[in-house]
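# Chains, contacts and geometry: an overview
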Amino acid sequence: MTTTARKTATKAKTKAGPAKSSPLIVGLDLGTNTTCIQVADQQSGKILNTEIIPSIVGYTTEGILPGIIPGDSKVLFGQMAIKYKLHLNLVQPLKEGVVSDMDATRDFLIHLKEIANIPQGQETRAVIGMPANADAASRENVRLAVTGIFDKVILIPEPFLAALGSREEKSLLKDSYVDPVCNSIFVDIGAGSTDVCLIQGYYPSGDDQISFSIAGDAVDNAIQEEILAKYPDCQISISKCREIKEKHSFVQGAKSSILAPVMIGGKIKKLEVAEPVGTACDTLLNKVYEAVRQLIVRADPDSIPDLLKNIIVTGGGSNIKGFDKALQSLLTEEGFEGCSVLSIGEEYKSHVASGAMKAASQAKERQWQNLLS
Ligand SMILES: Nc1ncnc2c1ncn2[C@@H]1O[C@H](COP(=O)(O)OP(=O)(O)OP(=O)(O)O)[C@@H](O)[C@H]1O
Ligand SMILES: [Mg+2]
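The structure presented is a predicted model; accordingly, all values stated were derived computationally and were not measured.

### A short note on the overall build of the protein chain
Assigned secondary structure in the protein chain consists of 11 helices and 18 strands. The C-alpha radius of gyration of the protein chain comes to 22 Å, within 12% of the 21 Å expected for a compact globule of 373 residues. Sorting the 373 residues of the protein chain into buried and exposed places 50% on the buried side. The long-range fraction of contacts in the protein chain, counting pairs at least 24 apart against all pairs at least 6 apart in sequence, stands at 65%. Between the mean site of the 39 positive side-chain charges and the mean site of the 44 negative ones, the protein chain shows a separation of 7 Å.

Laid out in structure tokens, this is it:
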């Protein structure tokens, strides 16, 4: 991808559209793997749109013939970029939850605005989730990336937004309810990193969080390594391993056999992959258990009984079958009685953005940071 093609891609999309009067608020979860944007009208609070899209930008390669890429676009995003990846330079705008390619991030954000139907020229205020351990430079990079795209922003640690997103309506509360914003541990198993964070009523800092790079991608790599050790000629790809994991993942020996169809030399063969999948998922489970245990021990002793009732697993990795119950058993066996671990399930994709939306609707005027346009 040439710089010229990138600039054209950005410019083509910044034409002003018709402006509306009432400001819009946006909740944004910029993930390494998946991004979610929610849009609402600030006055009524009505949610107007939710979009979930793979965080990937594809720029056409030099010399591509007309008619190959739909509409002869110079840039494609999300699923379309993945579909046409053979003819594109794929760029991941974010890595480890922070901006890694500024131009691609800006192109991606402009595209997000378009698919979320935000008219150019309309005042738009965004609450954006950041890793709890993001440094000042990473936060400044996000501000730079959204300058000229949104009008005002608030950056809030992602686990705090996840806790806000999990808060139940007051009318539904039981006596035993512990507000996750006041006292909880959030385990976010993403693609590039797992973040385990203690939340006790204030914005968590790096000290409240334990992060490690054993997460979805590392599980895929471990599965691939073990399958290749078992079947050296199978040439199994990482994307196939990810597909197998997303379909069959399990922990603590819950499955004894998984027969996965894999293409070998043009023929489909069924390979036994239960052991590689189980071993890789167990490694992740044990890392998470160790981090949760460390954070419980760090918390104020009086807060621990309630904290134990609120251990919440989110992110794509929370879909590993049986993960929450296995973590709960490990903690109970260790002596943390009365602990309860819950997975957020499929909703994880919009969870941080929903929390960001709640934060946006509660924000005071002085909390919004103006962005220079
Ligand atoms: N059913 C499933 N079983 C196991 N893993 C899954 C399943 N569904 C998704 N995943 C994994 O979850 C990971 C993506 O999670 P998520 O969308 O939360 O990441 P992200 O927020 O974009 O990344 P990060 O938090 O690292 O910035 C991928 O590794 C994916 O394979
Ligand atoms: Mg994430």
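Now, onward.
### Brief notes about the sheet that holds strand 17 (residues 341-343)
Across a sheet, paired strands are connected by hydrogen bonds in the backbone, their directions being either parallel or antiparallel. The five strands are arranged 13-12-11-16-17 in an open sheet whose pairing can be described as mixed. Of all strands in the sheet, those bounded by a partner on one side alone are strand 13 (209-212) and strand 17. Strand-to-strand twist in this sheet, taken as the mean axis angle between neighbours without regard to direction, amounts to 15°. Pairing between strand 12 (residues 194-199) and strand 13: four bridges, direction antiparallel. Residue pairing in the sheet places T194 in a bridge with F212 of strand 13.

### Topic: the nonpolar core
Formed by 48 residues in total, the largest nonpolar core has its most connected members in I185, V288, V292, I296, F323, L327 and L331. With 12 residues, helix 8 (residues 274-298) is the single largest residue contributor to this core. When residues of this core are assigned to domains, at least three fall in each of domain 2 (173-214 + 290-348) and domain 3 (216-279). Setting aside residues up to four positions removed in sequence, V292 forms contacts with I185, V187, V196, I311, L327 and L331. Within the second largest apolar cluster, 34 residues are counted, among which are V98, F108, L112 and A116.

### Brief notes about the packing of helix 8 against helix 10 (residues 323-334)
Working note: a packed helix pair is described by the angle between its axes plus the distance between those axes. Packing of helix 8 against helix 10 brings their axes to within 10 Å, and their N-to-C directions diverge by 50°. Classified by the angle their axes make, helix 8 and helix 10 are oblique. Classified by chirality, the crossing of helix 10 by helix 8 is right-handed. Counted together, L284, L285, N286, V288, Y289, V292, R293 and I296 of helix 8 and F323, A326, L327, L330, L331 and E334 of helix 10 form the full contact between these two elements. Of the residues in the contact of helix 8 with helix 10, the class split is 11 nonpolar, one polar and two charged.

### Looking at the site of ligand 1
Around ligand 1, the surrounding shell holds 21 residues, and the nearest of these are T32, N33, T34, K245 and E246. At 3.5 Å, a backbone N or O of G317 approaches an oxygen atom of ligand 1. When ligand 1 sits alone it has 660 Å² of accessible area, and the protein chains cover 91% of it. The residue inventory of the shell around ligand 1, partitioned by class, reads four nonpolar, 13 polar and four charged.

### Describing the packing of aromatic side chains
Overall, the coordinates contain one aromatic pair when judged by the stated rule. Judged by centre distance (4.8 Å) and plane angle (70°), the ring pair of F160 and Y203 falls under edge-to-face. Pair noted here: F160 is in helix 5 (residues 158-166) and Y203 is in the loop between strand 12 and strand 13, with a separation of 43 residues, a long-range link. Judged by its relative accessible area of 41%, Y203 is partly exposed. The cationic tip of K287 hangs over the ring face of F212; the distance from NZ or CZ to the ring centre is 4.9 Å.

Reading the values: rules and limits
- Residues numbered from 1 in each chain as written.
- Chains lettered and ligands numbered in written order.
- Predicted model: local features only at pLDDT ≥ 70, side-chain atom pairs only at ≥ 80, totals over all residues.
- Heavy atoms only, no water.
- Helix = DSSP H or I, 4+ residues; strand = E, 2+ residues; numbered from the N terminus.
- Rg over C-alpha atoms; globule rule 2.2 N^0.38 Å.
- Buried < 20%, exposed > 50% of the residue type's maximum accessible area, 1.4 Å probe, protein only.
- Contact = heavy atoms within 4.5 Å.
- Lys, Arg positive; Asp, Glu negative; His and termini not counted.
- Charge placed at Lys NZ, Arg CZ, Asp CG, Glu CD.
- Pairing = 2+ DSSP bridges.
- Axes fitted to C-alpha atoms, helices over the stretch in contact; angles between N-to-C directions.
- Core = buried A, V, L, I, M, F, W, Y, C linked by side-chain atoms within 4.5 Å.
- Domains from an automatic or database assignment.
- Parallel < 35°, antiparallel > 145°, perpendicular 65-115°, else oblique.
- Left-handed = near helix turned anticlockwise from the far one by under 90°.
- Nonpolar A, V, L, I, M, F, W, Y, C, P; charged D, E, K, R; others polar.
- Near = heavy atom within 4 Å.
- Polar contact = N/O pair within 3.5 Å; in protein donor to acceptor, adjacent residues only side chain to side chain.
- Areas by Shrake-Rupley, 256 points an atom, 1.4 Å probe, with all protein chains shown as cover.
- Phe/Tyr/Trp six-rings, centres within 6.5 Å; stacked < 30°, edge-to-face > 60°.
- Lys NZ or Arg CZ within 6 Å of the ring centre and 35° of its normal.

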